[in-house]
Amino acid sequence: MPFLILVLAVLTGAAGCLSTTFQEVTYEGGILEINVENTDKPVESAVLQVTIMEVEAFEQNEVFCKAWYVNLDQGQNEYTVPVDLQPGAYKVFLTVFVGDERRASVIRDLEVAP
């Protein structure tokens, strides 16, 4: 019985994580475009955090980090971030927080062409 309670607790905790997912992330003309899908009810004042790391050889260097409040509507949400990236390889770390809960988090590879 304790095992069943533990499994139910884990599944209940993970259920909220599946309601918000990052979709496509693109960069063009100095604008990073982030698409987020929210299948849960709308949220005012969610926090979107974006960290961009430049990848060179075996090193990563932070080139951009910003967090700000966003309204997370039900369905597709699109956010744009002005950022000047030089041609090269990057890792984009994206996180959405609702209150104290991390609702979604992902790391995406990004290539900026010359």
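The rules we used
Residues numbered from 1 in each chain as written. Predicted model: local features only at pLDDT ≥ 70, side-chain atom pairs only at ≥ 80, totals over all residues. Heavy atoms only, no water. Helix = DSSP H or I, 4+ residues; strand = E, 2+ residues; numbered from the N terminus. Buried < 20%, exposed > 50% of the residue type's maximum accessible area, 1.4 Å probe, protein only. Contact = heavy atoms within 4.5 Å. Areas by Shrake-Rupley, 256 points an atom, 1.4 Å probe, with all protein chains shown as cover. Pairing = 2+ DSSP bridges. Axes fitted to C-alpha atoms, helices over the stretch in contact; angles between N-to-C directions. Phe/Tyr/Trp six-rings, centres within 6.5 Å; stacked < 30°, edge-to-face > 60°. Lys NZ or Arg CZ within 6 Å of the ring centre and 35° of its normal.

> Would you take a moment to explain the overall build of the protein for this structure?
Along its length, the protein carries one helix and seven strands. When the helices and strands of the protein are listed from N to C terminus, the series reads α-β-β-β-β-β-β-β. Buried residues in the protein amount to 32% of all 114 residues. Contacts in the protein between residues at least 24 apart in sequence constitute 58% of all its contacts with a sequence separation of at least 6. Taken as a whole, the protein presents about 7,400 Å² of accessible surface, with 55% of it coming from carbon and sulfur.

> Whenever I open this one, the sheet that holds strand 6 (residues 88–98) confuses me. Can you help?
The strands that make up a sheet pair up through hydrogen bonds in the backbone, lying either parallel or antiparallel. Read across the sheet, four strands follow the order 4-3-6-7 without closing on themselves; strand pairing throughout is antiparallel. Either end of the sheet is taken by a strand with one partner, and the two such strands are strand 4 (59–72) and strand 7 (101–112). Direction aside, neighbouring strands of the sheet carry axes that sit 15° apart on average. Summarising the sheet, strand 6 and strand 7 pair through 11 bridges and their orientation is antiparallel. Among the inter-strand pairings, Gly-88 is bridged to a residue of strand 7, identified as Val-112.

> Got a minute to help me understand the sheet that holds strand 2 (residues 31–38) in this structure?
One open sheet accounts for three strands, arranged 1-2-5; its pairing is antiparallel. Two strands in the sheet have a free side with no partner beyond their single neighbour: strand 1 (20–28) and strand 5 (75–82). Each adjacent strand pair in this sheet contributes to an overall mean axis angle of 20°, direction not counted. Two elements, strand 1 and strand 2, share seven bridges in a ladder whose sense is antiparallel. Residue Phe-22 lies in a different strand from strand 2, and its bridge partner there is Val-36.

> Sorry, what's going on with the packing of aromatic side chains here?
Centre-to-centre distance and the angle between the planes together describe a pair of aromatic rings. In total, this model carries zero aromatic pairs according to the counting rule given. Here the guanidinium or amino end of Lys-66 rests over the ring plane of Trp-68, the centre of that ring lying 5.1 Å away.

> What's the story with unusual backbone geometry in this structure? I'm lost.
A negative phi angle is the norm for most residues apart from glycine, just as the trans form is the norm for most peptide bonds. Backbone geometry at Ser-45 places phi at a positive 65°, although glycine is not the residue there. When you line up the elements, Ser-45 lands in strand 3 (residues 43–56). The backbone of Ala-57 sits at a positive phi, close to 50°, despite the residue not being glycine. Structurally, Ala-57 is set in the loop between strand 3 and strand 4.

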